[in-house]
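Here is how the chains run, residue by residue.
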Amino acid sequence: MKLNIKDLARANVRKLIPYQSARRIGGKGNIWLNANEFPLPVPFKLSQQIFNRYPECQPKLVIEKYASYVGLKPEQILVSRGADEGIELIMKAFCEPGHDTILFCPPTYEMYKVTAETIGIKYRIVHTLDNWQLNILEITNTLKKVKVLYMCSPNNPTGNLINSKDIHQLLEITAGKTLVVVDEAYIEFCPEATLINWLNKYPHLVILRTLSKAFALAGLRCGFTLANKPIIDLLMKVITPYPLSIPVADIASQALSEPGIALMRKHVIDLNTNRDWLFHQLKQMRCVQQVFPSKTNYILVRFIKEFNVFKKLWDKGIILRNQSKKDYLFGCIRISIGTNEECKSLIAALQNLSMEKI
Ligand SMILES: *Cc1c(COP(=O)(O)O)cnc(C)c1O
């Protein structure tokens, strides 16, 4: 009998469709606007040259610098291999496979779902309303057995903030029963909207952060989970022994130095300016049906199907993120904000395309 290795895998892994990251999808291009990365690299020097010893599990310097950046105590911070690891650690620490469920509200970041599927946690879905806000009534009715509620504000891929009034209401309803995780991966583009100050009041609130977006360090793989100490202590039980290599910690602490943070803030101003320019340009395009306002470094756009925008730009080496196969996102493409030149090239290409007969 021939052994089929696939049959040995867990059932949920056999069925699993892995996360379709921009890197997995690939493409050949010269303008990459598909992964919400910062378009230019930031400079660093490796100051550590000695690697024969294991690193600290939670590099003290990185934790202290992030604590001072966000105005929290070091004990309220966990650093991990990207915010993606934070998403997973929360499920590992809080969700009983086969019993507990998580809840999230598409269209949103897909790693909540993929992570749950990978580790065998059931999930419930409550779609957002037409204005991309949470359906509070439906969520309230669905909360039974839900251990963790994941939301993303500003939301990826729609670009909007979630009404803080709604999050507040959910935190009140879920107290003592359900963790509320707010993914703030893009919060640096609208820092006034952070919920960090609410951590004082809500022991079941968790906030996710990353260096991958505004800090221009997607390749570093470094993210943060912010919560009160009892939650951080539990996550510390399930984290791998050495989640951050020495070079990662080294570069992360440089990014979180005063000049590092100042540079990030300057980049945010530049990208927000480019985004607002792009928003107004897109609104005037003949191939565009709808442009969704954004608080982030990307814009979600609904194009008129017949113009075949995604494929045509792909062939020209302008790589965007197609969202059109997802529920409620027919015709939609997510465009990351690039440099000035990249934004101009994109608009020129779309203007050309808009002149085609359809
Ligand atoms: C990019 C992104 C992440 C992942 O961040 P990493 O730190 O790169 O793992 C998490 N959440 C959202 C909403 C994102 O867009």
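Residues numbered from 1 in each chain as written. Predicted model: local features only at pLDDT ≥ 70, side-chain atom pairs only at ≥ 80, totals over all residues. Heavy atoms only, no water.

Asks: Got a sec to walk through a positive patch on the surface? Specific residues and values, please.
Replies: A cluster of basic residues, K122, R124, K144 and K145, forms a positive patch at the surface. Locating R124 in the fold gives a position in strand β4 (residues 122–125). (Patch = residues over 30% accessible without salt bridge, like charges linked within 9 Å, V, L, I, M, F, W, Y side chains within 5 Å. Areas by Shrake-Rupley, 256 points an atom, 1.4 Å probe, with all protein chains shown as cover. Salt bridge = Lys/Arg side-chain N within 4 Å of Asp/Glu carboxyl O. Lys, Arg positive; Asp, Glu negative; His and termini not counted. Charge placed at Lys NZ, Arg CZ, Asp CG, Glu CD. Helix = DSSP H or I, 4+ residues; strand = E, 2+ residues; numbered from the N terminus.)

Asks: Hey, could you go over the domain arrangement of the chain for me, with residue numbers and the actual values?
Replies: By the assigned domains, the chain splits into domain 1 (10–39 + 260–352) and domain 2 (60–256). Computed over C-alpha atoms, the centres of domain 1 and domain 2 are 24 Å apart. Taken residue by residue, the interface counts 31 residues in domain 1 and 32 residues in domain 2. When the two sides are added together, the surface that domain 1 and domain 2 hide from each other amounts to roughly 2,700 Å², 64% of it contributed by carbon and sulfur. Looking at the side of domain 1 facing domain 2, the largest losses of area belong to Y19, M264 and K295, adding up to 22% of the total buried there. Between domain 1 and domain 2 we count zero salt bridges in total. For the pair domain 1 and domain 2, the interface holds eleven residue pairs in polar contact (both at pLDDT 80 or more). For the side of domain 1 that touches domain 2, the elements supplying multiple residues, two or more each, are α2 (11–15), α11 (258–283) and β10 (298–303). Residue contributions to the side of domain 1 that touches domain 2 peak at seven residues, all from α11. For the side of domain 1 that touches domain 2, the class distribution of residues is 16 nonpolar, eight polar and seven charged. (Domains from an automatic or database assignment. Contact = heavy atoms within 4.5 Å. Buried area = accessible area lost by both parts, 1.4 Å probe. Polar contact = N/O pair within 3.5 Å; in protein donor to acceptor, adjacent residues only side chain to side chain. Nonpolar A, V, L, I, M, F, W, Y, C, P; charged D, E, K, R; others polar.)

Asks: How would you sum up the side chain of N274? Please name residues and give values.
Replies: Here N274 is to be found in helix α11. Taking the relative accessible area as the measure of exposure, N274 reaches 10% and is therefore buried. Polar side-chain contacts of N274 include one of 3.0 Å to the backbone oxygen of G338. If we ignore the near neighbours within four places in the chain, the residues touching N274 are I337, G338, T339, N340 and C343. (Buried < 20%, exposed > 50% of the residue type's maximum accessible area, 1.4 Å probe, protein only.)

Asks: Tell me what's going on with the sheet that holds β4, and back it up with residues and numbers.
Replies: Taking strand neighbours across the sheet as the criterion, the seven strands line up as β2-β8-β7-β6-β5-β3-β4 in an open arrangement whose pairing is mixed. Of all the strands in the sheet, just β2 (77–80) and β4 have a single pairing partner and so form its edges. Sheet twist, expressed as the mean angle between neighbouring strand axes with direction ignored, is 25 degrees. Judged from the five bridges that link them, strand β5 (residues 146–152) and strand β6 (residues 179–183) form a sheet pairing that is parallel. Bridging from a neighbouring strand, M151 pairs with V182 of β6. (Pairing = 2+ DSSP bridges. Axes fitted to C-alpha atoms, helices over the stretch in contact; angles between N-to-C directions.)

Asks: Residue-level account of the site of the ligand, with values.
Replies: Close contacts around the ligand come from 13 residues, with A83, D183, Y186, T210 and K213 the closest. For the ligand, whose accessible area on its own is 390 Å², the fraction buried by protein is 94%. A total of three residues in the shell around the ligand trace back to one element, the largest contributor, which is helix α5 (residues 82–94). Partitioned by chemical class, the residues of the shell around the ligand number five nonpolar, four polar and four charged. (Near = heavy atom within 4 Å.)

Asks: Explain the pattern of salt bridges residue by residue, including any values.
Replies: Going through the model one piece at a time under the given rule, you end up with 14 salt bridges. For the salt bridge of E172 with K201, the shortest nitrogen-to-oxygen distance reads 3.7 Å. One end of the pair, E172, is in helix α8 (residues 164–174); the other, K201, is in the loop between β6 and β7 (205–210), and 29 residues separate them in sequence. Under the relative-accessibility criterion, E172 is labelled partly exposed at 43%. Here the residues in one salt-bridge network are E184, E188 and R209, joined through shared partners.

Asks: Describe the environment of N156, listing the residues and the values that go with them.
Replies: Its place among the elements puts N156 in the loop between β5 and α8. Judged by its relative accessible area of 7%, N156 is buried. Separated by 138 residues in sequence, N156 and S294 have C-alpha atoms that sit 9.9 Å apart. Among all residues touching N156, those that are not within four sequence positions of it are N36, P107, T108, Y109, Y186, Y298 and R334. In terms of polar contacts, N156 uses its side chain to reach the side chain of Y186, at 3.4 Å.

Asks: Residues and numbers for the packing of α5 against helix α9 (residues 229–238), please.
Replies: When two helices pack together, their arrangement is given by the angle between the helix axes and the distance between those axes. Where α5 contacts α9, the two axes come as close as 9 Å, and the packing angle between them is 95 degrees. Our classification of the angle between α5 and α9 gives roughly perpendicular. Counting all contacts with α5, which are made through L89, I90, K92, A93 and F94, the residues of α9 involved are I231, L234, L235 and V238. Taken together, the residues that form the contact of α5 with α9 break down as eight nonpolar, no polar and one charged. (Parallel < 35°, antiparallel > 145°, perpendicular 65-115°, else oblique.)

Asks: Go over the pairing of β7, please, and point to the residues and values.
Replies: Burial within β7 is extensive, with six of its six residues counted as buried. Where β6 lies against β7, four bridges are found, and the strand directions are parallel. Across the sheet, residue V180 finds its bridge partner in β7, namely L205. Two strands pair when backbone bridges link them, and β7 and strand β8 (residues 223–226) are joined in this way by four bridges, in the antiparallel orientation.

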